[in-house]
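Below are the chains, spelled out letter by letter.
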Amino acid sequence: MAVSVSRAYSPRWLTQLGNTLSNLLLANRSLRRLLAMVLFFGIWQFLCVINFNVFVDFQFVPSPAKALAATIKFMSGNPWVHFRSSIMRVFWGYGFAAIFGVFLGVLIGWCAVIEDFLLPPLELLRPIPAVAWIPLAILMFPTSESGMIYITFIGAFFPILVSTIRGVESTLNDMVLVRVGQCLGAKPWHIFKDIVVPGSLPSIASGLTIGMGNAWFCLVTAEILAGRYGIGYLTWESYVTSNYPPIVMGMLLIGLLGAFSSWAVSKGMEALMPWRVIKKQS
Amino acid sequence: MTTQIEQRHAVKGAVRVEGVSMTFRRKGHETHVLDSIQLGIEPGEFVCLLGPSGCGKSTLLNVIAGFIKPTAGYVMVDQNPVMRPGADRGFVFQQYSLLPWKTAFQNIELGLKIRGMAKGDRTELVNDYLNRVGLYKHRNSYPHQMSGGMQQRASIVRALVNSPSVLLLDEPFAALDAQTRHMMQELLLDIWEDLKTTVIFVTHDIEEAIFLGDRICVMGVQPGHIKAELPIGLRRPRHFDDTLSADFVNMHRQVFECIREETMKSMEKGF
């Protein structure tokens, strides 16, 4: 067999070592993921240590070690007040975005009249970045807290809306599914409830996951607005006061919280769709 | 066990296709797909629409189902003109068409639920049918957990559970392997012998049409028309051995001759 022939040319112990290594590191998916993180931080630390400066300058970039030290200092202080402020802002902003995004998305995808009345202004507002909303948010909302929630809302709302619309439209476009309903005697309400909504659930789920990431993404923007607490506020304030390691800490914390909550959302949505199976190349 | 399955509906299910023509217009280009089709089907009859690709047999079935409106003519089912799709005409699609987010049981139950049948009644009826086609132990499986044959069995039952006047099947076994296909054909005949629902079965497989049908309507191309109606006199109930009998082989030859010319034309057109 081809396999045994090729092995005969290299020393047996080398092949075995290679096999063991690849079994240890590459066969296990969680190990592979861990390795990716180790490599990422390792390379970053290395670039900081050698003061890498080819086009990109690492001289003032805090190293992972310094960021870690800043994190330890931050955690031993009073971190909870910052976490709570940020998490609550994302919670409310994202919560409203999920409700309005899915609700309006389903209506717009389902009904042409509603689409005509709602979609053009929404499409006009969609490309406006969260930063550009800051002045208006200050003018429009009574408290800076509600302004910040509004900006996280903006970040999460549009991806949820657009994915939901696409999901509904592609389900309606699947002629067989709609016909299945029709020849079972389904009225539009049944087609909506039993076919269109579950059919667009995968799209809605991806919209909700992306929206969650975007909500965190817009948090820094929102917390520039005002306030004395919040992870994004901390990041911005550290920059203003030229205290660099906490910037990286703040960024990583936002990344971490964002990744975790997106993961939680996608797991939650998967639990709603037991019929889905996804097989990937290993 | 209650045997609602064994009720016979031979009194309903008369289908009349009156001068149905169909022209598709796309980008200013007209395609004449069906040319004044005339067809009468008795209650309880099993009719096969047989023809090469592009003869409009699926289009005709879609018109009967009410999915598309004919350019001219009309279809009557039991004195009612067909205006739109409805539960009185069960449909089995060629591609697997179970709703992926419902289990086998929920898929089959859907029509009864829409009709507003009480939960206890519909559970009993659906379980009856699931048993009938050997799917009871798979009733909680999602479609992706079922083989193609199982999915098509569930699709057939999903249509039949609503006791339709007519069962319309659009090449339902075309995607299955040969062994499974034979088993499905026998299974379909078996159920039909019990229910005596009118069946209109579209296929391009000559053997399948002869094995199943009381009558074959051979369709021709350019534009689609009914070229010949051949009654199949083979005894019932039929078993797969019958496909080897001299009568069957003769029939096969006869149908083959009839359809060959149309297939050539269809190939020239590039189907």
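## Some remarks on the overall build of chain B
Part 1 of the reasoning: Looking only at helices and strands, one finds 7 helices and 10 strands in chain B.
Part 2 of the reasoning: On C-alpha atoms alone, chain B measures out to a radius of gyration of 19 Å, which is about the 18 Å that the 2.2 N^0.38 rule sets for 271 residues.
Part 3 of the reasoning: With respect to the principal axes defined by its C-alpha atoms, chain B has extents near 55 × 45 × 35 Å.
Part 4 of the reasoning: Residue burial in chain B is summarised as follows: out of 271 residues, 54% are buried.
Part 5 of the reasoning: Within chain B, residue pairs in contact and separated by at least 24 positions form 72% of the contacts whose partners lie at least 6 positions apart.
Part 6 of the reasoning: As displayed, chain B offers around 12000 Å² of accessible surface, 50% of which is attributable to carbon and sulfur atoms.
Part 7 of the reasoning: Taken as two groups, the 31 positive and 31 negative side-chain charges of chain B have centres that lie 7 Å from each other.

## Digging into the interface of chain A and chain B
Part 1 of the reasoning: Taken together, the contacts link 17 residues of chain A with 22 residues of chain B.
Part 2 of the reasoning: For the pair chain A and chain B, the two sides together bury roughly 1900 Å², of which 73% comes from carbon and sulfur.
Part 3 of the reasoning: Here chain A and chain B share 1 salt bridge between them.
Part 4 of the reasoning: Linking B:Lys102 and A:Asp194 is a salt bridge whose minimum nitrogen-to-oxygen distance equals 3.2 Å.
Part 5 of the reasoning: The interface formed by chain A and chain B includes 3 residue pairs in polar contact (both at pLDDT 80 or more).
Part 6 of the reasoning: Residue composition of the side of chain A that touches chain B, by class: 11 nonpolar, 4 polar and 2 charged.

## Some remarks on the nonpolar core
Part 1 of the reasoning: Core analysis: the largest hydrophobic core is formed by 94 residues, its most contacted members being A:Tyr94, A:Ile151, B:Val15, B:Val17, B:Val75 and B:Ile200.
Part 2 of the reasoning: If one sorts the elements of this core by residue count, helix H8 (residues 144–173) of chain A sits on top with 12 residues.
Part 3 of the reasoning: Here B:Ile200 is in contact with B:Val15, B:Ile41, B:Val47, B:Leu49, B:Leu61, B:Ile64, B:Val166, B:Leu167, B:Leu168 and B:Leu169, once residues within four sequence places are set aside.
Part 4 of the reasoning: The next biggest cluster of nonpolar side chains, apart from the first, holds 51 residues, and it includes B:Ala104, B:Phe105, B:Ala228 and B:Ile232.

## Considerations on the packing of aromatic side chains
Part 1 of the reasoning: What the rule picks out here adds up to 25 aromatic pairs over all chains.
Part 2 of the reasoning: Between the aromatic rings of A:Phe91 and A:Trp92, the centroid separation amounts to 5.3 Å while the plane-to-plane angle is 85°, which identifies the pairing as edge-to-face.
Part 3 of the reasoning: Between A:Phe100 and A:Phe153 the ring centres are 6.3 Å apart and the planes differ by 90°, which places this aromatic pair in the edge-to-face class. One end of the pair, A:Phe100, is in helix H5 (residues 79–110); the other, A:Phe153, is in helix H8, with 53 residues separating them in the sequence.
Part 4 of the reasoning: Of the residues examined, A:Phe100 reaches a relative accessible area of 42% and is grouped as partly exposed.
Part 5 of the reasoning: Judged by its relative accessible area of 16%, A:Phe153 falls in the buried class.
Part 6 of the reasoning: Put simply, the rings of A:Phe100, A:Trp133, A:Phe141, A:Tyr150, A:Phe153, A:Phe157 and A:Phe158 touch in pairs and so form one group of aromatic residues.
Part 7 of the reasoning: The ring of B:Tyr136 carries B:Arg139 above its face, with NZ or CZ at 4.1 Å from the centroid.
Part 8 of the reasoning: Here the guanidinium or amino end of B:Lys196 rests over the ring plane of B:Trp192, the centre of that ring lying 4.0 Å away.

## Things to note about the sheet that holds strand E1 (residues 15–26) of chain B
All names here are of chain B.
Part 1 of the reasoning: Reading across the sheet, the 4 strands line up as E2-E1-E4-E5 and stay open at both edges, with antiparallel pairing between neighbours. The open sheet has two edge strands, strand E2 (29–41) and strand E5 (80–81), and neither has a second partner.
Part 2 of the reasoning: Here 5 bridges tie E1 to strand E4 (residues 72–77), and the two strands are oriented antiparallel to one another. When the sheet's bridge partners are listed, Ser21 is paired in E4 with Ala72.
Part 3 of the reasoning: Across the sheet, helix H1 (residues 57–65) is in contact with E1, E2 and E4; its angle to E1 comes to roughly 115°.

The rules behind these values
- Residues numbered from 1 in each chain as written.
- Chains lettered and ligands numbered in written order.
- Predicted model: local features only at pLDDT ≥ 70, side-chain atom pairs only at ≥ 80, totals over all residues.
- Heavy atoms only, no water.
- Helix = DSSP H or I, 4+ residues; strand = E, 2+ residues; numbered from the N terminus.
- Rg over C-alpha atoms; globule rule 2.2 N^0.38 Å.
- Buried < 20%, exposed > 50% of the residue type's maximum accessible area, 1.4 Å probe, protein only.
- Contact = heavy atoms within 4.5 Å.
- Areas by Shrake-Rupley, 256 points an atom, 1.4 Å probe, with all protein chains shown as cover.
- Lys, Arg positive; Asp, Glu negative; His and termini not counted.
- Charge placed at Lys NZ, Arg CZ, Asp CG, Glu CD.
- Buried area = accessible area lost by both parts, 1.4 Å probe.
- Salt bridge = Lys/Arg side-chain N within 4 Å of Asp/Glu carboxyl O.
- Polar contact = N/O pair within 3.5 Å; in protein donor to acceptor, adjacent residues only side chain to side chain.
- Nonpolar A, V, L, I, M, F, W, Y, C, P; charged D, E, K, R; others polar.
- Core = buried A, V, L, I, M, F, W, Y, C linked by side-chain atoms within 4.5 Å.
- Phe/Tyr/Trp six-rings, centres within 6.5 Å; stacked < 30°, edge-to-face > 60°.
- Lys NZ or Arg CZ within 6 Å of the ring centre and 35° of its normal.
- Pairing = 2+ DSSP bridges.
- Axes fitted to C-alpha atoms, helices over the stretch in contact; angles between N-to-C directions.

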